[in-house]
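Spelled out from the first residue to the last, the chains are:
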Amino acid sequence: MKGRRLRLYGLGLIALLVVVLRPLAVFYTELLWYVSEGRLAVFATVWKAALRVGLLAGVLFFAAVYLNLRLARGENWVTWANVIQMVPRSDRVLRRLALLAGLVAGVVAGTAFATQWPAVESFLAQVPFGLTDPVFGRDVGWYVFALPFYRLVHSALNAATWLGALVAAAAYIAGGAIGLTQSGVKVSHRARRHLLLLLGLLLTWKAWGYYLARFGLLLSPRGIAFGAGYTDVHVSLPAYSVLTALALVAAFSALIAAWRRSYTLASSALVLLLIGSFVGGWLAPGVVQRLIVTPNEIARETPYIVHNIALTNFGFGLGRITERPFAVEDGLTSADLARNQGTLNNVRIWDWRALRQTYSQLQEIRPYYHFHDVDIDRYVIDGTYRQVMIAARELNQAKLPADAHNWVNLRLKFTHGYGAVMSPSNAVATDGRPLFFLRDIPPRSASGLTVQRPELYFGEVASQYVIVKTAEQEFDYPAGDANVYSTYQGSGGFAVGGFLRKLVIAFRLGTYEMLFATEIRPESVVLMHRNITDRAKKVAPFLVYDEDPYVVVNEGRLWWIQDAYTVSSGLPYSQPTRAGHNYIRNSVKVVTDAYNGTQEFYIFDEADPVIQTYSRIFPGLFKPQAKFPAGLLAHVRYPVDLFNQQIEKYNVYHMRDPVVFFNKEDVWAVPRENFGGSAVPVEPYYVIMRLPDGDREEFVLMQPLTPRGKDNMIAWVAARSDAPHYGTLVAYLFPKQELVLGPMQVEARIDQNPEISAQLTLWGTGGSSALRGNLLVIPIERSLLYVEPLYLQASGNNLPELKRVIAAYGDRVVMEETLERAIAAALGVDGRRPGPVTPGQPQPGDNPELIATARALWVEAQSALRRGDWAAYGRAQEELGRILEQLAGSR
């Protein structure tokens, strides 16, 4: 007996550790982390908000269960006690049972509803949008902030009442107050009155639900367009109003029946409510839709399509898109080329997918280093605005040798990545490999950029905790046959402290080694939440984070910039994305120090009411854009995730005419290209270019578009990233009556070119494979230049080398060894090809001095062409043209 009791005590202790101590350890270590990050106010705000909501919900559900069980005790408690075999069979024991049931319900419900604190806090701190809905005339912010709150309260009251009714009915059945007899169902007077009162409450909540459903019609997915349509407004809306009244009448009838023995009024009201629900909720809308709306759908639905178009454009910021005509002209002059030298000098020939493989082969140095991604950015290199490819060299502990997977290595020694790699996007070495602005370990620079603090303790790959400032030196970087070691000198993390604190931390981290490791000292520091996205979510979980944070070199340090979005699914009439939201703003940019892990949140869209609301909830969390570090501001870019969503909507919602929209006459699509032997969608790409009406080169994110089901181009959209135009978008529209080649049509012309096709076939039979990179559409003035890099990869060798560049312009498709030669050949200015500017042999009567000058200018132009100096090339060409005119006039 004694041994059995000890086993029970042991099991109870284990249960206590799991149920109580584990959450306490998590709470304590999270508190330490928030304090170390200077985010105690955020931690306190979230916990206070969650506790408030959880306590309110817990009290509600506790009261629903406990009070209903207490009210149900009556004359049959003894019988109920017999059923559950309680000893002693006393009213006190059953009261305790009711108390326990209420506490369990309260804890479960409180825990579940505590996670809904954002809906409550947003309701209390809401900021109006300044835009009203077209049906009820309410500010659309009411649907974003207030309606979710009211729905939350309604669901809590409804669920609590249902739970109370179920436990009360169970108690009455268990106690015999409700049962079957030979004459039918027996219900005691007390049970009847109690359950009718609960029915009255349920019908009251039903009435409130019908009332809220009126506003939910503006978020209805049925119909020709998202939001309330003709049938919703003219049938469902009045039907919900009638059903609200009927539900209230039914509730009042149930309350009357609770005090009178007649059920006639209550049953009649319930039947009427059921009939009204069937007629108003299903029959009438279906009949009206089929007989009135469908035969005249355009006329009936036009006003609501207009609402859908307007609010979808608002929800996705499409109003920021300026549309401009773009009539294609194939006739670039030397002056045009000179004016667009910055564009031509920055044509990207390195596809990030191929380049990541090349970086991995050439610059990972050791197998445990990893390039998670290759990002595209721009830097001023030697006074020139250059587009570059950059990747952070992070540490991937999973790639350590199997026999090195021990606790000391994983937690104390291999703690961080090291440095970054950068190369120009438009240059290649003679062997087909990238040139490097930044490379190797320790970092070597050929661009004037310096990285004095190359260690990456925080990044996209880092996920597990590490302990630094221990007696065990950390692996810093490899140096030949030896290694260099270091000790963390940053400000991130929190101290291990004394034994009790260490014990709690070890319990939370699930590691006993920490307790016995002699290398760990009180001043040792734990670095947790090292993945930068997870780290940001710990501070601001209400934001949605971009999938592509990117590394930046600034002031000798490595930084991460990540875009964050405010989203909502509550904007009336706005068409949702596949993810479910129908409002999005890139309101925040997060900057993370790769060494210390410190994060700052900067507001980049002060006009967004959602971020204004969160700023009220978390005062001090967000900083204004004006305080964004100047050195990093030059690397802010328009995010791809947002751009993709805007393009998806713009492809449909550029149609402003409701009739055209209804017929879907002019739907656009993202074109496809040939990559890796398959047709894939063209991803948006960053380029440095001068817009057709711009006065200088700038960094833009670009997407060509085609008509749905067609391959010809219909438009291209550019999102601008440089100040002072950051965040503005321009759509250049091609004339619909002219054919402008799209990417797949250019790909087809490449495949049909006999010289290119023969070369690709030859490479494919020589043990190598040719990999075609992104086909870039490069607008220059009013012309379009198409450029596609071609990589050669030997069989069994994951090292793509850039061997050719394909360019297309007008009716020319060429393949050359370098970008400069490909552009020159495509534009018809290659010195190896006869053209109108190539000087001929002297003829009788020619001026020898002018001919000599012409020859010198021609050599100067070709030299500038090989250098990629389009300004010098243009000047030489213009001067050569004047000389040739003089020669022609002297004959």
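Refer to the structure printed above.
A.B. asks: For this particular structure, what's the right way to read the overall build of the protein?
C.D. replies: Scanning the protein for helices and strands turns up 26 helices and 34 strands. Expressed as a percentage of the 891 residues in the protein, the buried residues total 52%. Excluding contacts between residues fewer than 6 apart, the proportion of contacts in the protein whose partners are at least 24 apart in sequence is 66%. Put simply, the protein shows about 39400 Å² of open surface, and 59% of that area lies on carbon and sulfur atoms. Here the protein contributes 86 positively and 76 negatively charged side chains, and the mean placements of these two sets differ by 15 Å.

A.B. asks: Got a minute to help me understand a nonpolar patch on the surface in this structure?
C.D. replies: Side chains of Val271, Ile275, Phe278, Val279, Trp282, Leu283, Val287, Leu291 and Ile292 sit close together on the surface and give an oily, nonpolar patch of about 830 Å² of accessible area. Mapping Phe278 onto the fold places it in helix α9 (residues 264–293). The partly exposed category is assigned to Phe278, whose relative accessible area is 46%.

A.B. asks: In this structure, what is going on with the environment of Ala808? I would like to understand it.
C.D. replies: The topology assignment puts Ala808 in strand β33 (residues 801–809). Given a relative accessible area of 4%, Ala808 falls into the buried group. Here the alpha-carbon distance between Ala808 and Val525, two residues 283 residues apart in the chain, equals 58 Å. Sequence-distant contacts of Ala808, defined by excluding residues within four places in its chain, comprise Val746, Leu784, Leu785, Tyr786, Val813 and Ala826.

A.B. asks: I would appreciate a short explanation of the packing of aromatic side chains in the present structure.
C.D. replies: Ring pairs (aromatic) are described by centroid distance and by the angle formed between their planes. With the rule as written, the count across this model stands at 51 aromatic pairs. Both rings, one in Trp33 and one in Tyr34, keep their centres 5.0 Å apart while their planes meet at 85°; by these two values the pair is edge-to-face. Classification of Trp33 by relative accessible area gives buried; the value is 1%. A centroid spacing of 6.4 Å and a plane angle of 65° characterise the contact between Tyr143 and Phe215, whose relative ring orientation is edge-to-face. Residue Tyr143 is located in helix α6 (residues 141–175), and its partner Phe215 is located in helix α7 (residues 189–216); the two are separated by 72 residues in the primary sequence. Each residue in the set Phe123, Phe136, Trp142, Tyr143, Phe149, Tyr150, Tyr211 and Phe215 is aromatic and connected to the rest through ring pairs, giving one cluster. Sitting over the ring of Trp142, Arg138 keeps its end group 4.3 Å from the ring centre.

A.B. asks: How do you make sense of the side chain of Lys589 when you look at a structure like this?
C.D. replies: Residue placement: Lys589 occurs in strand β20 (residues 583–593). With relative accessibility at 0%, the residue Lys589 sits in the buried group. At 2.8 Å, the side chain of Lys589 and the side chain of Tyr726 are in polar contact.

A.B. asks: Whenever I open this one, unusual backbone geometry confuses me. Can you help?
C.D. replies: The omega torsion of the bond from Ile441 to Pro442 falls at -10°, within 30 degrees of zero and hence cis. The residue Pro442 is located in the loop between β9 (438–439) and β10 (444–445) in this model. That bond from Ala723 to Pro724 is cis: its omega, 5°, falls within 30 degrees of zero. Locating Pro724 in the fold gives a position in the loop between β28 (715–720) and β29 (729–733). Despite not being glycine, Tyr573 has its phi angle at roughly 70°, a positive value.

A.B. asks: Help me understand the pattern of salt bridges in this model?
C.D. replies: Any two side chains of opposite charge can pair if their charged atoms end up close together. Summed over all chains, the structure comprises 34 salt bridges. Note that Arg339 is salt-bridged to Glu781, the shortest N-O span being 3.0 Å. Here Arg339, found in helix α11 (residues 334–339), pairs with Glu781, found in the loop between β31 (776–780) and β32 (783–794); they are 442 residues apart in sequence, far enough to count as distant.

A.B. asks: Which parts of the structure should I look at to understand the sheet that holds strand β16 (residues 525–527)?
C.D. replies: Two strands in a sheet stick together by hydrogen bonds in their backbones, pointing the same way (parallel) or opposite ways (antiparallel). Strand order in the open sheet made by the 3 strands is β12-β16-β15, with antiparallel pairing throughout. Two strands close off the open sheet at either side, each with one partner strand: β12 (466–468) and β15 (494–495). In this structure, β15 lies alongside β16, joined through 2 bridges in antiparallel fashion. When the bridges of β16 are listed, Ala495 appears paired with Val525.

A.B. asks: Could you clarify how one ought to interpret the pairing of β29 in this entry?
C.D. replies: Along a regular strand, successive side chains alternate from one face of the sheet to the other. Counting buried positions over the 5 residues of β29 gives 4, a clear majority of the element. Pairing between strand β3 (residues 321–325) and β29: 5 bridges, direction parallel. In the sheet register, Glu323 faces β29, and the bridge partner there is Ala731. Direction of pairing for β28 relative to β29: antiparallel, over a ladder of 5 bridges. Residue pairing for β29: Ala718 is matched across the bridge by Val730.

How each quantity is defined
- Residues numbered from 1 in each chain as written.
- Predicted model: local features only at pLDDT ≥ 70, side-chain atom pairs only at ≥ 80, totals over all residues.
- Heavy atoms only, no water.
- Helix = DSSP H or I, 4+ residues; strand = E, 2+ residues; numbered from the N terminus.
- Buried < 20%, exposed > 50% of the residue type's maximum accessible area, 1.4 Å probe, protein only.
- Contact = heavy atoms within 4.5 Å.
- Areas by Shrake-Rupley, 256 points an atom, 1.4 Å probe, with all protein chains shown as cover.
- Lys, Arg positive; Asp, Glu negative; His and termini not counted.
- Charge placed at Lys NZ, Arg CZ, Asp CG, Glu CD.
- Patch = residues over 30% accessible without salt bridge, like charges linked within 9 Å, V, L, I, M, F, W, Y side chains within 5 Å.
- Salt bridge = Lys/Arg side-chain N within 4 Å of Asp/Glu carboxyl O.
- Phe/Tyr/Trp six-rings, centres within 6.5 Å; stacked < 30°, edge-to-face > 60°.
- Lys NZ or Arg CZ within 6 Å of the ring centre and 35° of its normal.
- Polar contact = N/O pair within 3.5 Å; in protein donor to acceptor, adjacent residues only side chain to side chain.
- Pairing = 2+ DSSP bridges.

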